[in-house]
Every structure is written in structure tokens, then in C-alpha cells.
Amino acid sequence: MSTKKLWYGFAAVMVLSFAVLLYYGYEIYREAPPIPDQVVTESGKVVFSGQDIKDGQNVWQSMGGHQVGTIWGHGAYLAPDWTADWLHREAMYLLNYWGQRDFGNDYDDLEREQQAQLEARVQKEMRTNTYDKATGNLVISDLRAQAIQEVGKHYTGLFMDGEAEAHLREAYAIPENTIKEMGRMSQMNSFFFWATWATVTERPGQEITYTNNWPPEELVGNRPTSALILWTGFSVIILLAGIGWLAWYYASTKQEEEPVDVPAVNPVSGQTLFPSMKATLKYFWIVSILMLVQILAGVITAHYGVEGSAFYGIPLDQWLPYSVSRTWHVQIGIFWIATSWLATGLFFAPAISGKEPKYQALGVNVLFGALLVIVVGSLAGQWMGVMQKLGFVENFWFGHQGYEYVDLGRFWQIFLFVGLFIWLFLMGRALLPALREKTENRHLLTMFLIASIAIAAFYGAGLMWGRQTNLAIAEYWRWWVVHLWVEGFFEVFATVIIAYLFVRMQLIGSKIATVTVLFSTIIFLSGGILGTFHHLYFTGTPTAVLALGSSFSALEVVPLVLMGFEGYHNLTLSRTGDWVKAYKWPIYCFIAVAFWNFLGAGIFGFLINPPIALYYMQGLNTTPVHGHTALFGVYGFLGIGLMLFVLRDMNLNSVWKEKYIKFAFWAINIGLLLMVMISVLPIGLAQTWASVKYGLWYARSAEFMTQPFMGTLKWLRVIGDTIFAFGVVALVYHVFGLAFGWSFEKDSSEA
């Protein structure tokens with residue numbers, strides 16, 4: 001296939017995909033669950049106002065938001081899904097009230113015919129949409145207002161200092177007095193009610209709720225919709241068709257590959273190390289330190305699952321609550337992975353052009369200082385927010401926004417956004433001389449620049465929501481950042497830079513590298529851009545989002561099926577010549593990326609992505625199975641591999657000791673696999689059974705999660721986590737040894 005046609009294909013995919021993404025974004029704005037001006041009873045009593053709901057959303061965000069349980073299935077998995085939990089408790093209050101009034105018994109003690117009668121009544125009570133668009137009021141019965149008050153009392157005791165809820169606080173790792181003021185607590189209850197109302201209230205003129213009947217709850221008639229089942233079938237058909245087509249394309253073009261004669265010596269052995277290239281070394285030191293801090297935060301977070309208020313007897317939650325440790329664990333992971341990729345770009349940009357622009361080293365150093373300020377400042381602000389030391393406005397700007405992966409305050413978001421454009425400026429000016437040369441690498445460099453522009457620009461999606469934006473709309477833009485920025489254009493950037501590294505080393509031809517990168521980008525983005533919608537099935541979006549998300553997320557899996565070929569190709573490259581063996585461990589990291597792309601992003605991703613699967617699995621531990629194996633397995637190993645590539649090129653004359661890097665590579669891979677296979681995945685599958693049989697509320701409840709066999713599965717995670725942690729320590733030891741000398745063979749030459 002010609003390069004020109006591939007560029008046309010790339011442009012078409014970008015234009016059409018984003019047109020659809022933006023159009024249905026508009027539909028999400030238009031059809032988002034409405035926030036009423038007032039919630040009033042039929043007798044005219046005001047229960048709470050729309051402003052209470054909005055302020056309650058800010059209270060929820062300030063305590064950690066997604067890092068304390070989940071809303072609409074998104075967030076952390078130790079505490080309940082608050083919408084599923086509230087829904088069940090509210091329904092049970094109504095059923096028990098009617099059961100006592102009409103039959104003299106609680107609902108659970110009634111005959112099945114009597115239960116069915118009450119279920120029909122509660123479904124009519126809760127599913128009927130009584131929001132009046134003209135007045136802006138949501139009208140509820142006086143009995144339902146009583147139910148809201150009773151459920152609110154439970155949550156007040158849970159998040160404040162209720163003695164009856166102390167055992168639940170321990171199970172959910174929620175510190176006593178997480179919410180310190182009764183006014184704030186009442187506001188958060190208002191928000192929880194509204195978010196739950198959206199899950200059970202039918203859209204006007206339809207028989208499905210605002211969240212497509214999620215969560216599963218038979219009592220209120222929340223069952224899988226026909227559209228959900230239909231599009232699950234289509235997604236499987238699309239997956240099979242895509243695999244067949246890609247296999248045919250791969251077989252038909254395999255003979256077009258150019259034979260490459262591997263040079264006798266490393267073509268880059270005589271490269272000049274410019275000052276700006278040397279200045280990137282400290283970035284990788286920070287990457288290594290952040291990895292250690294992330295692992296420590298992960299150990300603390302995981303331990304809260306078995307000892308909810310302490311760390312081996314130390315009351316750690318008083319100073320470092322679960323919501324903070326988990327926030328830091330996730331946020332630091334994104335920081336070090338992004339830092340590694342960005343530093344790699346800064347290192348290779350001058351190397352590619354063979355020229356260093358004036359003051360480039362100064363720019364690299366200034367950007368490094370900004371990075372440190374962002375990391376330290378945002379983490380400190382998140383702690384202050386969760387500890388309730390900031391007001392609503394201050395928390396939004398400097399504290400904890402409460403949205404997973406984009407938890408940092410708006411000020412720090414803007415700071416990072418500006419920093420990314422400084423990085424883009426440094427990249428562009430360094431690449432410009434090479435782009436002006438009409439060489440066969442020009443197409444590859446152009447794609448490199450496009451990916452760099454996308455990395456800087458698409459983080460701006462995180463600035464599109466405000467302090468009190470409707471949650472359905474905030475979720476839409478949040479996934480632009482998480483899916484398109486992290487999972488999308490960073491991966492394109494990595495694909496291009498890896499291809500260019502191999503071209504530069506003359507291990508693959510420029511033409512085949514260009515065609516492969518363009519084709520891979522087209523295939524990946526064809527599914528990836530609109531595949532963003534698979535995160536939004538149940539977040540207050542219209543049915544069309546479910547249809548598009550299920551279809552295009554299936555296409556995302558298609559290229560991952562052939563990851564074995566990429567892994568084998570990289571393994572072959574590592575054995576092509578004596579000098580190539582110096583790059584063994586960076587290349588092995590790319591092989592690991594192929595493995596985890598297939599298993600973590602492919603198999604574990606498709607395990608939860610079809611609508612009928614996600615209907616029961618959303619918010620369960622099957623999601624962190626995919627999250628850990630895709631985020632660390634794919635993007636983490638890409639970051640490690642790129643870091644090792646740069647460190648290798650910084651000193652080509654010395655021979656690395658293999659002892660620690662070899663142990664690190666295998667320990668990290670084996671530890672990650674064991675963590676998932678003997679702990680997190682079995683927990684998630686057990687929860688799935690409970691979700692299907694009893695409902696999501698039960699699968700996330702303390703009653704289910706504190707059973708002895710679940711405790712055993714949680715403790716089994718120690719095996720994989722320990723091996724993994726030792727592997728990371730060994731990697732960091734090796735990286736710092738490259739600076740201080742202990743990672744080199746004694747008889748190797750000085751750099």
C-alpha cells in the first residue's frame with residue numbers, strides 16, 4: 001500500500017471519528033440526567049435544592065471522589081458503589097414499609113406472591129419520571145422522602161462517627177469523620193440521591209433509565225436492555241470480522257518486507273551527546289524515584305483491603321487515608337510513565353536532526369523544574385483536600401477534583417498543560433532541521449511531530465469541565481484524557497519513536513517502518529477514538545453511545561491479536577548482531593509490551609468491554625485486572641523500555657551487568673502476572689457471580705467482601721506484589737548504578 005494512500009486514510013479516520021465523537025458529545029450534553037432546581041414532596045415540602053446537589057458533588061470530590069467507592073461504576077473498589085448501595089437501601093426501605101403496613105412482615109419474610117406485588121409497586125414508585133422540565137422541580141412522594149431521610153442517616157453515620165457503622169468504616173477503609181460538618185454531609189447525601197435517581201428513573205418516553213438500566217437490581221426492574229444484548233452480539237461479530245481481515249492483510253503483505261543487512265557496528269556509536277540530551281538523565285532518576293513511591297503507595301492501598309484503618313497495627317488512616325494513598329498510587333504512575341516518554345522525546349529529537357537549537361538545554365532544565373513543582377504541589381494539594389482543609393473553590397483549584405486519573409486540582413492541570421506545550425516547543429524546534437530535509441524518513445518524522453502535538457493538545461480536554469458540571473458531561477471529557485490522551489496518542493507516539501529507533505539503528509528499512517507505523521496508527525485509531533464510548537455505557541448517556549462504544553471497542557482488540565508477531569520480530573532483532581545485544585533489555589521490554597498488549601489490553605480488556613459483560617462487571621475487581629495489566633504492563637513497560645534505550649545510548653562504550661536488570665525484568669513480569677491471576681482476577685470473578693445472582697450492591701457489600709475466602713484471596717496478592725516490588729527495586733538499583741558505576745562490568749571502557 002502506498003504511503004500517500006495511508007496518509008489519506010489517516011486523515012479520514014481522524015476527521016470522521018472526531019466528528020462522530022463530538023456530535024455524540026453534544027447529544028450527551030443534551031440528554032444528560034437533569035439536575036432539578038428543587039426536589040419537593042407531593043405535599044409541597046422542599047427536600048433539597050439543585051444547589052445542594054451541586055455542592056454535594058463538590059463534597060464528594062473533596063473527600064476523594066472516585067477514590068472512595070464508585071459512582072455509576074467508576075472509581076475505587078474497596079467501598080461500595082454508592083449509587084447501587086443507595087438504590088438497594090432506598091428500595092428495601094419502601095418494600096419493608098409496605099410489607100409491614102399491608103402484610104405485617106418485612107419484605108424478606110413475605111410469600112413470593114406478596115413480594116411480587118410490592119416489587120411492582122416499588123418499580124412504579126421509583127422508575128416513573130416525575131421531573132417537570134417547565135418548573136425545574138422533581139416531585140417525589142412523602143414516603144420516598146422518608147426513605148431518603150433514612151438512607152441519609154445511614155450515610156451520615158458511615159462518613160461521620162456513627163457507632164453502628166464502625167464495622168463498615170473498617171471494611172471500606174473510610175476514616176471516622178471523613179466528612180467533618182453536618183451541612184456538608186447533608187449536601188453529599190443530596191448528590192448521592194440524585195446520582196441514584198438517574199440509575200432508576202426512566203428517560204421521558206422510554207422504558208430505560210438514564211444509565212441504561214445500570215446497576216443490575218431486580219427489585220426495581222433494572223435488567224439488561226434489549227439494545228445491550230443486541231450490541232454485545234454485534235461487537236463479537238465485528239471482532240471476528242476484524243481479526244479475519246487483519247490476518248488476511250498481514251499474510252498478503254508479508255512478502256513486501258524489505259530485506260535488511262544488519263551493519264557490523266552500531267550506526268549510532270559515534271553520535272554526539274548534546275548538552276540537552278545529557279540533561280534528560282535527571283528525568284529518568286525522577287522516573288525511578290516515582291516508581292518506588294508508587295509501589296509504596298500501592299502496598300499501603302492494597303493493605304487497607306485487609307486492615308481497613310491501619311497498616312499492621314499503625315493507625316495510618318489518620319494521616320494517610322486510603323483515598324490519598326490510592327490517589328497517589330494512580331497519579332504517580334501516570335506521572336512517571338509520561339515523564340519517561342517525554343524525556344525520551346527530548347533526548348532523541350536533537351539526535352535525529354544532528355543539531356541542537358540554542359538554549360535547548362536551558363529549556364529542558366526549566367521543564368524539569370516545572371515537573372517537580374507540579375508533582376509535589378498536586379500531591380500535597382490532594383492530601384489537603386481529602387483532609388477537608390480546603391473550601392469548595394480552593395479544593396477545585398488546588399486540591400482534589402475527585403475524578404480518577406485526573407484528580408489533580410485545576411491550577412495544576414493548567415500548569416501541566418502549559419508544560420506540555422513547552423515540551424512540544426522544545427521537540428518541534430529540535431526536529432525542524434530534520435523535517436526540512438527531504439529524506440525517506442520524513443514521513444516517519446511527520447507522524448512523530450503529529451503525535452507530539454496531540455499529546456500536548458489533547459490534555460486540554462481535562463479543562464473542559466467546571467467545578468459543578470453535570471457528572472455525565474464531566475465523565476465524557478474525563479475519558480478524553482484517560483482514553484484518548486493516555487491510551488491513544490501516547491501509544492501512537494511510542495509506536496513512532498520505537499520504529500524510528502530501529503530505523504536509526506538500521507535494523508529495519510525506513511519504507512517498511514513508515515508503512516507499518518501509518519497502517520498501525522490507522523487501525524488503532526479506527527477503533528480507539530470512538531472506542532472511548534465503551535467507558536460511557538452507563539454514565540447517563542443515550543443508547544447510541546452504547547452502540548458505538550461496543551462496536552468500535554471491539555475493533556480496538558483486533559490489532560492486539562497479532563501481538564505475537566510483533567513480539568517475535570522484536571526477539572529476532574535482539575539476536576541479529578553482537579552490538580545489538582547491548583540493547584537486549586530495552587528490546588525485551590518491548591517484547592513484554594507485546595505480551596501485555598495481548599493479555600492485558602486484549603483478553604482482559606475484551607473480558608469486560610462487551611455491554612452485557614460490563615453491565616454486570618462494571619465497578620468490580622475485573623476492571624483493575626485490565627487496569628494493572630494494561631497501564632503498567634503496556635504503558636509502564638513502554639516507559640521502562642524507552643528509558644533503558646536512552647540510558648543505553650548515553651554510554652555505548654560500557655557493558656552493562658545483567659544480574660539486576662535481568663532479575664528486575666522477570667520479577668516485574670512474573671509478579672504482575674501472579675498478582676492478577678491468583679488474587680485480583682479470582683476476586684473479580686467471584687464478584688461477577690454475586691452481581692449476576694444478587695445484584696451489584698451485594699457484590700460490592702461488606703457482607704460479601706469480608707467472607708473468609710475473600711480475605712484469603714486478598715492476602716494471596718502479597719505473593720505477586722512482593723515479587724513485583726523486589727523487581728522494581730532491582731530496576732531502580734540498576735538505573736542509579738549506571739550513574740554511579742556499579743551497573744557496569746569492571747573491564748568495560750569508560751564512557
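Reference entry: report on the structure contained in this document. Quick caveat, the model's predicted, so the values are computed rather than measured.

### Regarding the pairing of strand β2 (residues 46–49)
In regular strands, side chains alternate between the two faces of the sheet. Relative to β2, strand β1 (residues 38–41) runs antiparallel, the two sharing 3 bridges. Counterpart to Val 39 in the pairing with β2 is Phe 48. Taking the residues between adjacent antiparallel strands as the criterion, β1 and β2 are bridged by 4 residues, where Gly 44 takes a positive phi near 100°.

### So, the packing of aromatic side chains
Across all of its chains, the model carries 67 aromatic pairs by this definition. On the basis of an interplanar angle of 70° and a centroid distance of 4.9 Å, the ring pair of Tyr 476 and Trp 477 is categorised as edge-to-face. Look at Tyr 476 and you get buried, because its relative accessible area is 2%. Between the NZ or CZ atom of Arg 121 and the centre of the ring of Trp 98, over which it lies, the distance is 5.1 Å. Over the ring of Phe 368 we find Lys 282; its NZ or CZ atom is 5.6 Å from the centre of that ring.

### Observations regarding the pattern of salt bridges
Two side chains bearing opposite charge may form a pair once their charged atoms approach each other closely. Per the counting criterion, the structure on display carries 17 salt bridges. A salt bridge links Glu 176 to Arg 169; the nearest nitrogen and oxygen atoms lie 3.8 Å apart. A salt bridge links Arg 478 to Glu 475; the shortest N-O distance between them is 2.9 Å. With Arg 478 and Glu 475 both in helix α16 (residues 471–504), this residue pair falls 3 residues apart, about one helical turn. A relative accessible area of 0% means that Arg 478 is categorised as buried. Classification of Glu 475 by relative accessible area gives buried; the value is 1%. One salt-bridge network, in which partners are shared between bridges, spans Glu 27, Arg 30, Glu 31 and Arg 203.

### Looking at the sheet that holds β1
The 4 strands lie next to each other as β2-β1-β6-β5, forming an open sheet whose pairing is mixed. Looking at which strands have only one partner, the edges of the open sheet turn out to be β2 and β5 (131–132). Set on the sheet, helix α5 (residues 142–159) makes contact with β1, β2 and β6 (137–140); between it and β6 the angle comes to about 95°.

### Observations regarding a nonpolar patch on the surface
There is a patch of nonpolar side chains on the surface, built from Val 393, Trp 397, Phe 398, Phe 411, Ile 414, Val 418 and Ile 422 and spanning about 560 Å² of accessible area. Mapped onto the nonpolar patch, the elements with two or more residues apiece are α13 (392–398) and α14 (410–436). Examining the composition of the nonpolar patch, we find that 4 residues originate from one element, α14, more than from any other. Within the fold, Ile 422 resides in helix α14.

### What about empty space enclosed by the protein?
As enumerated under the stated definition, the model contains 6 cavities of 30 Å³ or more in all. What the largest cavity holds in volume is close to 210 Å³. Surrounding the largest cavity, 15 residues form its lining, Thr 339, Leu 342, Leu 371, Leu 416 and Leu 420 being those nearest its centre. It is helix α11 (residues 322–353) that contributes the most residues to the lining of the largest cavity, 5 residues altogether. Here the lining of the largest cavity is composed, by residue class, of 13 nonpolar, 2 polar and no charged. Computed from the structure, the second largest cavity encloses a volume of approximately 70 Å³. Every residue lining the second largest cavity is listed: Gln 331, Ile 334, Phe 335, Tyr 405, Val 406, Leu 408, Leu 416, Tyr 459, Val 481, Val 482, Trp 485 and Val 486. Going through the elements one at a time, α11 and α16 are the ones with two or more residues in the lining of the second largest cavity. Per-element accounting of the lining of the second largest cavity gives the leading share, 4 residues, to α16.

### What about the side chain of Ser 679?
Turning to its location among the elements, Ser 679 is positioned in helix α23 (residues 659–694). Non-local contacts of Ser 679, meaning those with residues more than four positions away in its chain, are made with Leu 674, Leu 713, Lys 714, Leu 716 and Arg 717.

### Some points on the nonpolar core
The biggest cluster of nonpolar side chains holds 225 residues, and the ones touching the most others in it are Trp 82, Phe 159, Phe 192 and Trp 485. If one sorts the elements of this core by residue count, α16 sits on top with 26 residues. Leave out the neighbours within four places in its chain, and Trp 82 touches Val 68, Gly 69, Thr 70, Ile 71, Tyr 155, Leu 158, Phe 159, Ile 174, Phe 192 and Thr 196. Counting residues in each nonpolar core, the second largest holds 16 residues, with Trp 98, Val 122, Met 126 and Val 200 among its members.

### Describing the pairing of β6
With 4 bridges joining them, β1 and β6 adopt parallel strand pairing. The residue of β6 that forms the bridge with Gln 38 is Asn 137. Where β5 lies against β6, 2 bridges are found, and the strand directions are antiparallel. Along β6, the bridge assignment pairs Asp 132 with Asn 137. Count of turn residues in the β5/β6 antiparallel hairpin: 4 residues, of which Gly 136 carries a positive phi of about 80°.

### Section: the side chain of His 483
Counting through the fold element by element, His 483 comes out in helix α16. A polar atom in the side chain of His 483 sits 3.1 Å from the side chain of His 535. Ignoring any residue separated from it by four or fewer positions in sequence, one finds His 483 in contact with Gly 488, Gly 528, Gly 531, Thr 532, His 534, His 535 and Glu 556.

### A few points about α14
Between the first and last C-alpha of α14 there are 38 Å, a value that for 27 residues agrees with the 39 Å anticipated at 1.5 Å per step. The largest bend in α14 amounts to roughly 35° and is located at Ala 430, with the proline Pro 433 lying one to four residues further along.

### Some points on the packing of α11 against helix α12 (residues 360–386)
Where α11 contacts α12, the two axes come as close as 10 Å, and the packing angle between them is 170°. The angle between α11 and α12 places the two elements in the roughly antiparallel class. Touching Ser 323, Val 324, Thr 327, Trp 328, Gln 331, Ile 332, Phe 335, Thr 339 and Leu 346 of α11 are Val 364, Leu 367, Leu 371, Ile 374, Val 375, Ser 378, Leu 379, Gln 382, Trp 383 and Val 386, all from α12. Grouping the constituent residues of the contact of α11 with α12 by class yields 13 nonpolar, 6 polar and no charged.

### Re helix α17 (residues 510–528)
With 19 residues, α17 ought to run about 27 Å at 1.5 Å a step, and its terminal C-alpha atoms sit 26 Å apart, in line with that. For α17, the buried fraction is high: 14 of the 19 residues fall into the buried class.

### Focus on the environment of Thr 541
When you line up the elements, Thr 541 lands in the loop between α17 and α18 (543–557). Spatially, the C-alpha atoms of Thr 541 and Phe 632 are 29 Å apart, while their sequence positions differ by 91 residues. The contact partners of Thr 541, leaving out residues within four places of it in the chain, are Ile 28, Arg 203, Tyr 210, Asn 212 and Leu 536. At 2.5 Å, the side chain of Thr 541 and the backbone oxygen of Leu 536 are in polar contact.

Cut-offs and rules
In this numbering scheme, every chain counts its residues from 1 along its sequence in written order. Per-residue local features are limited, in this predicted model, to residues with pLDDT of at least 70; the limit for side-chain atom pairs, both in listing and counting, is 80 or more; totals at the level of whole chains, interfaces and linings are taken over all residues. The basis for every side-chain value is the complete set of heavy atoms in the structure, and neither hydrogens nor water enter the calculation. Strand pairing is assigned whenever DSSP detects at least two bridges linking the two strands. Elements are defined by DSSP. Helices are runs of H or I of four residues or more, strands are runs of E of two residues or more, and each kind is numbered from the N terminus. Centres within 6.5 Å are what make two rings of Phe, Tyr or Trp a pair, Trp counting through its six-membered ring; a difference in plane orientation under 30 degrees is then read as stacked, over 60 as edge-to-face, and the rest as tilted. Categorising residues by exposure relies on relative accessible area from a 1.4 Å probe, with only protein chains included: less than 20% of the type maximum marks a residue as buried, more than 50% marks it as exposed, and the intermediate range marks it as partly exposed. The criterion for a charge sitting over a ring is simple: Lys NZ or Arg CZ within 6 Å of the ring centre, and within 35 degrees of the ring normal. The rule for a salt bridge is simple: a side-chain nitrogen of Lys or Arg has to be within 4 Å of a carboxyl oxygen of Asp or Glu. Residue contacts are defined here by distance: any two heavy atoms, one from each residue, within 4.5 Å place the two residues in contact. Interaxial angle, 0 to 180 degrees, is taken between N-to-C directions of lines fitted to C-alpha atoms, where a helix line uses only the stretch in contact. Like-charged residues within 9 Å of one another, or nonpolar side chains (Val, Leu, Ile, Met, Phe, Trp, Tyr) within 5 Å, are grouped into patches, provided each residue has over 30% relative accessible area and no salt bridge. Calculation of accessible area relied on Shrake-Rupley with a 1.4 Å probe; when residues are assessed, cover is drawn exclusively from the protein chains displayed. The way it works is a 1 Å grid over only the protein atoms, where trapped points that fit a 1.4 Å probe form a cavity and open points with protein on both sides within 12 Å along at least five of seven lines form a pocket, and then any residue with an atom within 4 Å of a point lines it. Grid points are joined across faces, edges and corners, and a volume is the space filled by probe spheres set on the points. Residue classes follow a fixed rule: Ala, Val, Leu, Ile, Met, Phe, Trp, Tyr, Cys and Pro count as nonpolar, while Asp, Glu, Lys and Arg count as charged, and any other residue, Gly among them, counts as polar. Among the buried residues, those of types Ala, Val, Leu, Ile, Met, Phe, Trp, Tyr and Cys that are joined through side-chain atoms within 4.5 Å form a nonpolar core. Any N or O atom pair separated by 3.5 Å or less is treated as a polar contact, with the protein-specific requirement of one donor-capable and one acceptor-capable atom, and with residues adjacent in sequence counted only for side-chain atom pairs. Under the convention used throughout, the expected extent of a helix is 1.5 Å for every residue step, that is, one less than its residue count. Fitting one axis to the seven residues ending at a residue and another to the seven starting there, the bend at that residue is the angle between the two axes. Any angle that falls under 35 degrees is termed roughly parallel, while one over 145 is termed roughly antiparallel, one within 65 to 115 roughly perpendicular, and all others oblique.

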